[in-house]
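Letter by letter, the chains look like this.
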Amino acid sequence: MVNKITLNDTVIGIEKYEEVTISGLHKIIIDFKVTSEDYHDISTLLYEGIFNITVPEKGLSFKGAIQEYSTSITNLYENGQVGDYHVSLLEVKE
(Lines give C-alpha, C1' and ligand atoms only; values in the text may rest on other atoms or scores of the structure.)
Protein backbone atom coordinates (compact mmCIF):
# COMPACT_ATOMS: atom_id res chain seq x y z
CA MET A 1 0.00 0.00 0.00
CA VAL A 2 1.20 3.50 -0.81
CA ASN A 3 1.39 5.70 2.29
CA LYS A 4 3.14 8.78 0.94
CA ILE A 5 4.09 10.65 -2.18
CA THR A 6 6.39 13.58 -2.80
CA LEU A 7 5.29 16.64 -4.75
CA ASN A 8 8.38 18.67 -5.56
CA ASP A 9 10.20 18.44 -2.21
CA THR A 10 7.11 18.06 0.00
CA VAL A 11 6.22 14.65 1.42
CA ILE A 12 2.48 14.11 1.75
CA GLY A 13 0.99 11.28 3.79
CA ILE A 14 -1.93 9.82 1.89
CA GLU A 15 -4.97 7.77 2.84
CA LYS A 16 -6.02 6.52 -0.59
CA TYR A 17 -3.98 5.88 -3.73
CA GLU A 18 -5.01 4.81 -7.20
CA GLU A 19 -2.77 4.50 -10.24
CA VAL A 20 -3.83 4.17 -13.87
CA THR A 21 -2.23 4.58 -17.27
CA ILE A 22 -3.91 6.77 -19.89
CA SER A 23 -2.44 6.71 -23.41
CA GLY A 24 0.90 5.67 -21.93
CA LEU A 25 0.90 8.42 -19.29
CA HIS A 26 0.83 7.86 -15.53
CA LYS A 27 -2.14 9.16 -13.60
CA ILE A 28 -2.41 8.96 -9.84
CA ILE A 29 -5.42 9.80 -7.72
CA ILE A 30 -4.80 10.54 -4.06
CA ASP A 31 -6.82 11.42 -0.98
CA PHE A 32 -5.18 13.02 2.04
CA LYS A 33 -5.95 15.12 5.09
CA VAL A 34 -4.80 18.71 5.54
CA THR A 35 -4.84 20.35 8.95
CA SER A 36 -5.28 24.05 9.58
CA GLU A 37 -1.60 24.13 10.58
CA ASP A 38 -0.50 22.76 7.17
CA TYR A 39 -3.13 24.53 5.06
CA HIS A 40 -1.02 27.47 3.90
CA ASP A 41 1.96 25.31 2.87
CA ILE A 42 -0.18 22.74 1.04
CA SER A 43 -2.29 25.40 -0.71
CA THR A 44 0.83 27.24 -1.85
CA LEU A 45 2.29 23.96 -3.12
CA LEU A 46 -0.84 22.97 -5.04
CA TYR A 47 -1.04 26.39 -6.72
CA GLU A 48 2.28 25.58 -8.41
CA GLY A 49 0.24 23.27 -10.67
CA ILE A 50 3.09 21.20 -12.11
CA PHE A 51 5.18 18.91 -9.93
CA ASN A 52 8.04 16.48 -9.80
CA ILE A 53 6.11 13.51 -8.43
CA THR A 54 7.68 10.57 -6.62
CA VAL A 55 5.88 7.51 -5.29
CA PRO A 56 8.65 5.78 -3.30
CA GLU A 57 6.76 2.55 -2.57
CA LYS A 58 6.19 2.06 -6.31
CA GLY A 59 9.58 3.27 -7.55
CA LEU A 60 7.67 5.76 -9.69
CA SER A 61 8.83 9.27 -10.63
CA PHE A 62 7.40 11.62 -13.24
CA LYS A 63 6.51 15.23 -13.93
CA GLY A 64 2.79 15.78 -13.61
CA ALA A 65 0.06 18.39 -13.44
CA ILE A 66 -3.14 18.64 -11.46
CA GLN A 67 -6.02 17.31 -13.52
CA GLU A 68 -8.68 17.42 -10.79
CA TYR A 69 -8.71 18.86 -7.28
CA SER A 70 -11.33 19.17 -4.57
CA THR A 71 -11.53 19.70 -0.84
CA SER A 72 -14.19 19.16 1.78
CA ILE A 73 -13.57 22.54 3.40
CA THR A 74 -12.51 25.87 1.95
CA ASN A 75 -11.44 27.74 5.08
CA LEU A 76 -8.80 25.91 7.04
CA TYR A 77 -7.53 29.10 8.68
CA GLU A 78 -9.57 28.31 11.80
CA ASN A 79 -7.46 26.31 14.27
CA GLY A 80 -8.31 22.65 14.73
CA GLN A 81 -9.91 22.19 11.30
CA VAL A 82 -9.08 19.23 9.04
CA GLY A 83 -9.95 19.04 5.37
CA ASP A 84 -10.19 16.04 3.05
CA TYR A 85 -8.33 16.66 -0.21
CA HIS A 86 -8.83 14.69 -3.43
CA VAL A 87 -6.27 15.29 -6.18
CA SER A 88 -5.59 13.59 -9.50
CA LEU A 89 -2.25 14.16 -11.18
CA LEU A 90 -1.51 13.33 -14.81
CA GLU A 91 1.95 12.92 -16.27
CA VAL A 92 3.05 15.66 -18.67
CA LYS A 93 5.62 15.15 -21.40
CA GLU A 94 8.38 17.72 -21.49
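For the structure, check the block above.
(A) Seen up close, the nonpolar core. In this structure, I5, L7, I28, I30, F32 and L89 are the most contacted members of the largest nonpolar core, which totals 24 residues. If you list the elements that add at least two residues to this core, you get β1 (4-7), β4 (25-35), α1 (39-47), β5 (50-55), β6 (60-71) and β7 (82-91). With near-sequence residues (within four places) excluded, F32 lies in contact with I12, G13, I14, E15, I42, G83, D84, Y85 and V87.

(B) Broad picture of the sheet that holds β6. Spatial strand order, β2-β1-β5-β6-β7-β4-β3: seven strands in an open sheet with antiparallel pairing. If you trace the sheet from one side to the other, it starts and ends with β2 (10-13) and β3 (16-22), each paired once. On average, adjacent strands in this sheet sit at an angle of 35 degrees to one another, irrespective of strand direction. Pairing of β5 with β6 involves six bridges; the strand directions are antiparallel. Counterpart to T54 in the pairing with β6 is S61.

(C) The environment of I5, seen in detail. Looking at the element boundaries, I5 is found in strand β1. Judged by relative accessible area, I5 falls into the buried class, the value being 0%. Taking the C-alpha atoms as reference, I5 lies 5.7 Å from T54; in sequence the two are 49 residues apart. Contact partners of I5, with chain neighbours within four places excluded, come to T10, V11, I12, I14, I28, I30, T54, V55, P56 and L89.

What counts, and where the lines are drawn
- Residues numbered from 1 in each chain as written.
- Predicted model: local features only at pLDDT ≥ 70, side-chain atom pairs only at ≥ 80, totals over all residues.
- Heavy atoms only, no water.
- Core = buried A, V, L, I, M, F, W, Y, C linked by side-chain atoms within 4.5 Å.
- Buried < 20%, exposed > 50% of the residue type's maximum accessible area, 1.4 Å probe, protein only.
- Helix = DSSP H or I, 4+ residues; strand = E, 2+ residues; numbered from the N terminus.
- Contact = heavy atoms within 4.5 Å.
- Pairing = 2+ DSSP bridges.
- Axes fitted to C-alpha atoms, helices over the stretch in contact; angles between N-to-C directions.

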